[in-house]
Every structure is written in structure tokens, then in C-alpha cells.
Amino acid sequence: MSLELKEVIKREHVPYPDKERLFTVLGLFLSGRISMGKAAELLGLRIDELWLLMHKLNIKYSIPDEEEIEEELDAYKRIFKSSA
């Protein structure tokens, strides 16, 4: 991690003791690499505490509803079917 990035992280007023870990885990979560449950586990938080922390950090994240999930699954099926 660059010195400049470490300085930015240090300046941020974040209600979590290990800011570097927090931002790393949030990056993995928001990029879809890990689930919210896994992110909370890695941070030693409950899911509702993670939601509250994200709210305090003004991070907007919405859970897809059932219709959006169905659309995503249909898209994946079409993609994988056409590549087979």
C-alpha cells in the first residue's frame, strides 16, 4: 500500500479500530468477491453492525430483490448456454 493511501486512511474518521482492514474488507465486499456475511465475520461484526458502519461511512449498498436476482440468473444461464 502506498504511503499516500495510508495517510488518507489515517485521516479518515472511521468508527473501527483497524481502518486498513476495514477498507480492504469493504473493497472485497463491494466488488462482489465476498458476501456481506463473510465481510462481517472478517471484521468481527454482526451483519447489522456492518450495515450501521456502512451507513455511518455513507456507503450506499442495496440488496437485490427477488426479481433482480431472477434477471441476473437468466442472464447467466443465457451466457453460459451460448458459450457451451
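This one's a predicted model, so the numbers in the text were calculated from it and none came from an experiment.

### A look at the pattern of salt bridges
Then comes step 1: Within the structure shown, the criterion is met by three salt bridges.
Then comes step 2: Here Glu-41 ties to Lys-38 by a salt bridge, and the two come within 3.4 Å at their closest N and O atoms. Residue Glu-41 and its partner Lys-38 are both found in helix H3 (residues 36-43); the two are separated by three residues, about one turn of the helix.
Then comes step 3: Glu-41 sits in the exposed class, given a relative accessible area of 55%.
Then comes step 4: Judged by relative accessible area, Lys-38 falls into the partly exposed class, the value being 34%.
Then comes step 5: Taking the shortest distance from any N to any O, the salt bridge between Asp-48 and Arg-46 comes out at 2.9 Å.
Then comes step 6: A cluster of three or more residues bridged by salt bridges with shared partners is formed by Arg-46, Asp-48 and Glu-49.

### Examining the nonpolar core
Then comes step 1: Among the nonpolar cores identified, the biggest contains 14 residues, and Tyr-16, Leu-22, Phe-29, Ala-39, Leu-43, Leu-50 and Met-54 are the most heavily contacted of them.
Then comes step 2: Put simply, the parts of the chain that give this core at least two residues each are helix H2 (19-30), H3 and helix H4 (47-56).
Then comes step 3: Setting aside residues no more than four positions away along its own chain, Leu-50 makes contact with Leu-26, Met-36, Ala-39, Ala-40, Leu-43 and Leu-45.

About the thresholds
- Counting starts from 1 at the beginning of each chain's written sequence and moves along it residue by residue.
- In view of the model being predicted, local features appear only for residues whose pLDDT reaches at least 70, and side-chain atom pairs are presented and counted only at 80 or more, with totals across whole chains, interfaces and linings using the full set of residues.
- Based on all heavy atoms of the structure, the side-chain values leave hydrogens and waters out of the count.
- One side-chain nitrogen of Lys or Arg within 4 Å of one carboxyl oxygen of Asp or Glu is enough to make a salt bridge.
- A run of H or I in DSSP becomes a helix once it reaches four residues, and a run of E becomes a strand once it reaches two; helices and strands are each numbered from the N terminus.
- Burial here depends on accessible area, computed with a 1.4 Å probe over protein chains only, as a share of the maximum for the residue type. Under 20% is buried, over 50% is exposed, and the range in between is partly exposed.
- Residues grouped as a nonpolar core are buried Ala, Val, Leu, Ile, Met, Phe, Trp, Tyr and Cys residues, joined through side-chain atoms within 4.5 Å.
- Residues count as neighbours in contact if any of their non-hydrogen atoms are within 4.5 Å of one another.

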